[in-house]
Amino acid sequence: MTSQHIGIIGAGQMGQGIAEVFWRAGHTIYLFDADPFRLDQAYQNLIERLERAIDKGTESADEWEHFLDRLVVCIRLSGMASCTFVIEAIVEDIDVKAKLFSDLGTVVDAPCIIATNTSSLSVSDLAAHVKAPERFLGVHFFNPAYHMPLVEVIPHTQTDTAVSDRAHALLTEVGKTAIVCSDSPGFIVNRLLLPMINQAALLCQNGVATAADIDTTMKLGANFPMGPLALADLIGLDTCVLILNSLAHACDNTTYKPADILLNYVKDGKLGVKSKAGFFNYQ
Ligand code: NAI
C-alpha cells in the first residue's frame, strides 16, 4: 500500500476515529479543527489510543517515532495543501460546510479528492460549494469509526467514476467494507436507523417503558447487539436531532420529526456519551 497524505477536517468524535483508521493503516494524517482545544484534545486521544494498542500488542513500540511523524496537527486549513484525500467531518450544518468547502478550494487541487462524512445532508447540495465537484463525494463512516467496518460511499451525479473507484479502493485497503449508494436522504443506514431511534425515544417519552427496558427488549427480542437508545447516546443526541430534521425536510414526512424528549435532552446539554449523560449516565 502506498502511504498517502490524508486530511481530516473536524477533530470531534468522527474526525478522531477516521484519523485513527488511516493513521493505523500507515498513512500520514493532517488534522485540522477550527477549535484549538478540540484539536489538542484529539491529538492527546489519538496518542492515548496508540499507547493502549501498544500495551495490548496490536501495534509495535518500535513504530512509535514513525507514528508521531505521521500525525500532523494543522493550526490552519492551508496545512492540508499536500493531501491527496481530504475528509470533512465538521458540524452537520450546510452553511458551515459550504464555507469550508469554498475555503478548501483555494488550498487543494487535482488530484486531491474531497469527501464529506455528512450523515444526512445532500452530497449534491454540498457539491455545489466545491471547486471541483467531479472530485467530490460522500464517505460515511460509523461511530466508533475505527471499529465499525462499514463505510457508505456516495457519489453524486457529477462525481468521476475514477474518483469513486479510488475512494472505494482506499477504504478497502484500510480494512473497511465500502458500499456504494446513491445520494438519497439518510443514505441507507440512517434512513432505516433514525426513524427507529425516534420511535424508541417516543416510547420512552410516553412512559410505555423505561429507556433500559426498551433497549433490553430490542437486544433480546430483535437480537440487536445494543439498544436503540444507547446507540442514540453513542451517536450524540444533537446529531440525531440534526439528522432527523434533515430527513423530515428532505422527505417532507413528519414521522422523522424529532421526539420532544430528544429536543429537551439537547436543550439541557445532555448529548449522550460525549457529554456523559443522555438516556443513560456515563460518569
Ligand atoms: P463533533 O461535534 O464531535 O465534532 C465536530 C467538530 O467540527 C468539532 O470539533 C468542531 O470544533 C469542528 N468544527 C466545526 N466547524 C468547523 C469548521 N468550520 N472548520 C473546522 N472544524 C470545525 O461531531 P461528530 O459527531 O464528529 O460529527 C461530525 C460529522 O460527522 C457530522 O457531519 C456528522 O453528521 C457526521 N457523522 C456523525 C456520526 C456520529 O455518530 N456522531 C456518524 C457518522 C457521521
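Rules of the game
- Residues numbered from 1 in each chain as written.
- Predicted model: local features only at pLDDT ≥ 70, side-chain atom pairs only at ≥ 80, totals over all residues.
- Heavy atoms only, no water.
- Helix = DSSP H or I, 4+ residues; strand = E, 2+ residues; numbered from the N terminus.
- Rg over C-alpha atoms; globule rule 2.2 N^0.38 Å.
- Buried < 20%, exposed > 50% of the residue type's maximum accessible area, 1.4 Å probe, protein only.
- Contact = heavy atoms within 4.5 Å.
- Areas by Shrake-Rupley, 256 points an atom, 1.4 Å probe, with all protein chains shown as cover.
- Lys, Arg positive; Asp, Glu negative; His and termini not counted.
- Charge placed at Lys NZ, Arg CZ, Asp CG, Glu CD.
- Near = heavy atom within 4 Å.
- Polar contact = N/O pair within 3.5 Å; in protein donor to acceptor, adjacent residues only side chain to side chain.
- Pairing = 2+ DSSP bridges.
- Core = buried A, V, L, I, M, F, W, Y, C linked by side-chain atoms within 4.5 Å.
- Axes fitted to C-alpha atoms, helices over the stretch in contact; angles between N-to-C directions.

### Considering the overall build of the protein chain
In terms of regular secondary structure, the protein chain is built from eleven helices and eight strands. Its C-alpha atoms give the protein chain a radius of gyration of 19 Å, near enough to 19 Å, the size a compact globule of 283 residues would have. Counting only C-alpha atoms and orienting by the principal axes, one finds that the protein chain spans roughly 55 × 45 × 35 Å. Counting only residues that meet the buried cut, the protein chain has 48% of its 283 residues in that class. Here the contacts in the protein chain between residues at least 6 apart in sequence split such that 67% fall between residues at least 24 apart. Carbon and sulfur atoms form 54% of the exposed surface of the protein chain, whose accessible area is close to 13,200 Å². Once the 20 positive and 32 negative side-chain charges of the protein chain are each reduced to a mean point, those two points are 3 Å apart.

### Quick word on the site of the ligand
As a matter of local geometry, the ligand sits amid 23 residues, with Asp33, Glu92, Lys97, Ser119 and Ile235 nearest to it. Note that an oxygen atom of the ligand is positioned 2.9 Å from one of the backbone N or O atoms of Met14. Residue Asn143 places a side-chain N or O atom 3.5 Å away from an oxygen atom belonging to the ligand. Here the ligand has 840 Å² of accessible area as a free molecule, and 87% of this is covered by the chains.

### Re the side chain of Thr116
Of note, Thr116 is situated in strand 5 (residues 113-116). From its side chain, Thr116 meets the backbone nitrogen of Thr118 in a polar contact 3.0 Å long. Setting aside anything within four residues of it in sequence, one finds Thr116 in contact with Glu88, Lys97, Phe101, Val123, Leu126, Phe136, Leu137, Gly138 and Val139.

### Observations concerning the pairing of strand 1 (residues 5-9)
Extensive coverage of strand 1 is indicated by the burial of four of its five residues. Taken together, the five bridges between strand 1 and strand 2 (residues 28-32) define a ladder with parallel strand orientation. Paired with Gly7 across the strands is Tyr30, a residue of strand 2. As judged from the four bridges shared by strand 1 and strand 4 (residues 85-88), these two strands associate in the parallel manner.

### Remarks on the nonpolar core
Counting 36 residues, the largest nonpolar core has Phe22 and Phe141 as the members making the most contacts within it. Once residues within four sequence positions are removed from consideration, Phe22 is found in contact with Ile6, His27, Ile29, Ile87, Phe141, Leu170, Leu171 and Val174.

### Quick notes on the sheet that holds strand 6 (residues 136-141)
Strand order in the open sheet formed by eight strands is 3-2-1-4-5-6-7-8, with mixed pairing between adjacent strands. Each edge of the sheet is formed by a strand with only one pairing partner; in this case those strands are strand 3 (71-74) and strand 8 (177-180). Across the sheet, the mean angle separating the axes of adjacent strands is 25 degrees when strand polarity is ignored. Where helix 6 (residues 161-173) meets the sheet, its contacts fall on strand 1, strand 4, strand 5, strand 6, strand 7 (150-155) and strand 8, and the angle it forms with strand 6 comes to roughly 25 degrees.

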